[in-house]
Each structure stands twice: as C-alpha cells, then as structure tokens.
Amino acid sequence: MPTATPGLHHVTAIASDPQRNYEFYTETLGLRLVKRSVNQDDVSVYHLFYADHEGTPGTSMTFFPYTDARDGQVGAGQVSAVSFLVPDGSIDYWRERLADAGADPDEPRERFGDTVLSFTDPDGLPLELVARADAPAANLPESPVPHAHAIRGFFGVTLSLTGADPTGDLLKEMGYRQTDRDGTRKRYTADGDLGFVVDIVEDPQARRGIPGAGTVHHIAFQVAEDEQDEWRQFLIDHGLRPTEIIDRKWFKSVYAREYGTVLFEYATKEPGYTVDEELEDLGDRLVLPEWLEDRREEIETGLPDLSH
C-alpha cells in the first residue's frame, strides 16, 4: 500500500477566453501565473497554471481555455465546487472585492464550523473561499491582494455523486478519513496543510454534468514519485482502469475515473515548475516540454494572444 496522500496537488478546469481567465485569477484572486504552456493532448489550447509564488503543490489551479468552448453544466459525476483557503476574518474583504469584480458572491454561510463564501469565475465555475484560523502563511509577495487576506492555496473540492459510498471508501484507502456529515454532505479529510478536504454531496436523482467551460476537467492528488507504480496497482486492485505513468515535464501522472466518473489524477511533487524556468521568471513565456519544442513555431502561431 503506498503512503497516504496529503491532499490535492492541483485542480484543472475548462475555460473559454484565456485573457479573461488570466485577468480574473491574477488580478481579482491575486494568484501568480507560474506556468504558461499548452495542453499536451491538444497543443492548439493553452494550459495556464495559477498558484502561489513557487507553484507549491496544493495551490495550483490550472486551465484549458478553449476559445470556442460551449458552456458546461455542473452536475453529477463532476466536481461541483473548488474551495480556496483564506485566513479567518477575510470574508468581508473578499465579499466586497468579488462584488466589485462582478463575481456574484453569495451571502456568507457556515459549514462544519467554517465561514464559506461562494462565487463564480467569469465562465461560471463554482468557487468558494473558506476562512479558517489555522490557515498557513501566505506565499504571494507580489499579489494585488493584501498579504493579510491572500489566498493560501486549496481548502478542497466538493464532488457531486449519485452514490457516495464507493468513492468515500476509495478516499479512505487513499489516506482520508470521514470527519463530518450534514445531511447528504460527507466530509473526508487528509493530513496535509493545503487541499486536504474532499466533500461528497450525494443525490441519486441529480442530473449528469455536461463538460464545457465552467466545469472541472480533473482533480489531482499529491503522491510520491517512487510510489507511482504502487498507486497504479492500487487503482487496478480497486477495479479501476488507470493510464500508464505519463511524464508531464513538471510532474508525472497516472489518471483514472473513480466510481462516480470524476477523473482523478495522481501527480508527483517533483520536479516542479522551476525545472525549466527560474523562480523569478515563472509564467513569463510560453514553455514547452522538450518533446514539443520542435513544433514551437507551429504551436505559437496557432495560439490566441495572451497579454501578460
């Protein structure tokens, strides 16, 4: 059995306009663009990575912005909310900031003792800010958001499933434990400091989600590089159909759809986003893995403009 995951590595979603996406996540949410690359499975599309200053696992929200993307519909078999962690006492600041940005924040509410502020990004992706007194220190020194209120990284994700138990059992074997329940919502918690929560909301009658702009493509859990073969076997032993180990340049990955059809990825911390750029230069230029470098001119010509 491999070592328990401490939580999320990254979350990847689908967007439409790359410029609008960039401006919202850097200027409104105050994250740093730490990698500007392409979808390795469709090089006509950017892959944009937003995170803390260093691109620490557990802070990285990434996007495939398809300029012709149709709107998706969040529903069963999908991630129904991505939650970011902010310090206690920051919700009023964020409510005003998000309202000014047109992000349509809801009224704050309590969930399992935490204050939660829900809103959407420009493509309608459901997002949340969760305020906690134990939030770690911020690592966004150049953010337009004041240090005292800056996003720390992920709090977690919510999965919308027609049946919760098989996925819940899988999470437990991955190192999560069930820590709370409120009606149809069950909370599973890992031992990491960021991205350590997965909530499952069960609704047997829920409509299936439709992929598209404003929906999550997959969620990635952090695993040790020397245990990826074990994780792959773990998935096989649980009746799932994982991919081979895939080299993504900045991490290595195994993918599998869990029982509720949410796409899970198991990604390594190493080598990280500084393997091909200096820390101070992250996100400043289009970077390609070496196996795509000979197609750079073709790739750059096919991408839309993105002002940084």
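Residues numbered from 1 in each chain as written. Predicted model: local features only at pLDDT ≥ 70, side-chain atom pairs only at ≥ 80, totals over all residues. Heavy atoms only, no water.

1. What about the overall build of the chain?
We apply this condition: Secondary structure counts use DSSP, requiring at least four H or I residues in a row for a helix and at least two E residues in a row for a strand, with both numbered from the N terminus. The globule rule is 2.2 Å times the number of residues to the power 0.38, and the radius of gyration it is compared with is taken over C-alpha atoms. Burial here depends on accessible area, computed with a 1.4 Å probe over protein chains only, as a share of the maximum for the residue type. Under 20% is buried, over 50% is exposed, and the range in between is partly exposed. Contacts: residue pairs with any heavy atoms within 4.5 Å of one another. Throughout, the Shrake-Rupley method with a 1.4 Å probe supplies accessible areas, and for residues the shown protein chains are the sole cover considered.
Within the chain one finds five helices and 16 strands. In terms of overall dimensions, the chain is globule-like: its C-alpha atoms have a radius of gyration of 18 Å, near the 19 Å expected for 308 residues. Dimensions of the chain along its principal axes, counting C-alpha atoms only, are 55 × 45 × 35 Å. For the chain, the proportion of its 308 residues judged to be buried stands at 57%. In the chain, the proportion of contacts linking residues at least 24 apart, taken out of those at least 6 apart, comes to 67%. Element-wise, carbon and sulfur atoms account for 44% of the exposed surface of the chain, whose accessible area totals about 13100 Å².

2. As for unusual backbone geometry
Cis rather than trans, the peptide bond between E270 and P271 has omega equal to 0 degrees. Relative to the assigned elements, P271 resides in the loop between β16 (263-268) and α5 (296-302). If you check the backbone angles, K249 has positive phi at about 80 degrees while not being a glycine. Mapped onto the elements of the fold, K249 is located in the loop between β14 (246-247) and β15 (252-257).

3. Some details on the sheet that holds strand β10 (residues 177-182)
We count it as follows: Paired strands, in this sense, are two strands between which DSSP finds at least two bridges. Interaxial angles span 0 to 180 degrees and are taken between N-to-C directions of axes, which are lines fitted to C-alpha atoms, for helices over the stretch in contact.
Spatially, eight strands are ordered β6-β7-β8-β5-β9-β12-β11-β10 in an open sheet, and the strand pairing comes out mixed. Lying at the two open borders of the sheet, with one neighbouring strand each, are β6 (109-111) and β10. Averaged over all adjacent pairs, the angle separating strand axes in this sheet is 30 degrees, with direction ignored. Relative to strand β8 (residues 126-132), strand β7 (residues 114-120) runs antiparallel, the two sharing six bridges. Note that in β8 the partner of V116 across the bridge is V130. Of the strands in this sheet, β5 (78-87), β7 and β8 are in contact with helix α2 (residues 91-100), which crosses β7 at around 10 degrees.

4. Let's talk about the UniProt feature "domain: VOC" (unreviewed entry) in the chain
What counts here: UniProt positions are given in the numbering used here, feature names are shortened, and annotations may be inferred rather than shown by experiment.
If you check UniProt for "domain: VOC" (unreviewed entry), the listed places come out as residues 7-132 and 153-269 in our numbering. Secondary structure content for residues 7-132 is 17% helix and 47% strand, while the C-alpha to C-alpha distance between its ends is 17 Å. Secondary structure over residues 153-269 splits into 17% helix and 41% strand, and the C-alpha atoms at its two ends are 15 Å apart.

5. Let's talk about the packing of aromatic side chains
The condition that has to hold: In this scheme Phe, Tyr and Trp rings, the latter by its six-membered ring, pair at centre separations within 6.5 Å, and the angle between planes marks the pair as stacked below 30 degrees, edge-to-face above 60, and tilted otherwise.
Per the stated rule, a full pass over the model turns up 14 aromatic pairs. Here F221 and F264 contribute two aromatic rings whose centre-to-centre distance is 4.9 Å and whose plane-to-plane angle is 70 degrees, an arrangement assigned as edge-to-face. Residue F221 is found in strand β13 (residues 216-223), and its partner F264 is found in strand β16; the two are separated by 43 residues along the sequence. Judged by relative accessible area, which is 1%, F264 ranks as buried. Their ring planes at 25 degrees and their centres at 5.4 Å tell us that W231 and Y266 sit as a pair that is stacked. Note that W231 is positioned in helix α4 (residues 228-237) and Y266 in strand β16, a separation of 35 residues in sequence.

6. Section: the side chain of T12
Among the structural elements, T12 can be located in strand β1 (residues 8-15). Its relative accessible area of 0% is what places T12 among the buried residues. If near-sequence neighbours (up to four positions away) are discounted, T12 is found in contact with H47, T62, F64, V216, H217 and H218.

7. Some details on the pairing of β7
In terms of residue burial, β7 counts as a mostly covered element, since five of its seven residues are buried. Taken together, the three bridges between β6 and β7 define a ladder with antiparallel strand orientation. Paired with R109 across the two strands is V116, which belongs to β7. The loop that links β6 with its antiparallel partner β7 comprises two residues; one of these, F112, has a positive phi angle of about 50 degrees. Between the antiparallel neighbours β7 and β8 lie five residues, among them G124 with a positive phi of about 90 degrees.

8. Let's talk about helix α1 (residues 18-28)
Keep this limit in mind: Within 3.5 Å is the distance limit for a polar contact, defined as a pair of N or O atoms, with the added protein rule that one can donate a hydrogen and the other accept it, and that residues adjacent in sequence qualify only through two side-chain atoms.
In terms of burial, α1 is largely enclosed, as eight of its 11 residues are buried. Within the span of α1, buried status applies to P18, Q19, N21, Y22, F24, Y25, T26 and T28. A distance of 2.9 Å separates the backbone nitrogen of Q19 from a side-chain oxygen at the start of α1, and that oxygen is part of D17. One or two residues past the end of α1 sits G30, with phi positive at roughly 80 degrees.

9. Describing the pattern of salt bridges
What counts is decided by this rule: Note on definitions: salt bridges are taken to be side-chain nitrogens of Lys or Arg within 4 Å of carboxyl oxygens of Asp or Glu.
Throughout the structure, instances matching the rule amount to 20 salt bridges. Linking R248 and D41 is a salt bridge whose minimum nitrogen-to-oxygen distance equals 3.3 Å. A residue pair is termed long-range when its members are at least 10 positions apart, and R248 in the loop between β14 and β15 and D41 in the loop between β2 (32-39) and β3 (42-51) qualify at 207 residues. Residues joined by salt bridges that share partners form a network here, namely D114, R132, D134, R185, R187 and D199.

10. A look at the environment of Y273
Assignment of secondary structure puts Y273 in the loop between β16 and α5. Judged by relative accessible area, which is 3%, Y273 ranks as buried. Excluding its chain neighbours within four sequence positions, the residues that come into contact with Y273 are V34, K35, F49, E54, G55, S60, W250, F251 and L282. One polar contact links Y273 to S60, side chain to side chain, over a distance of 2.9 Å.

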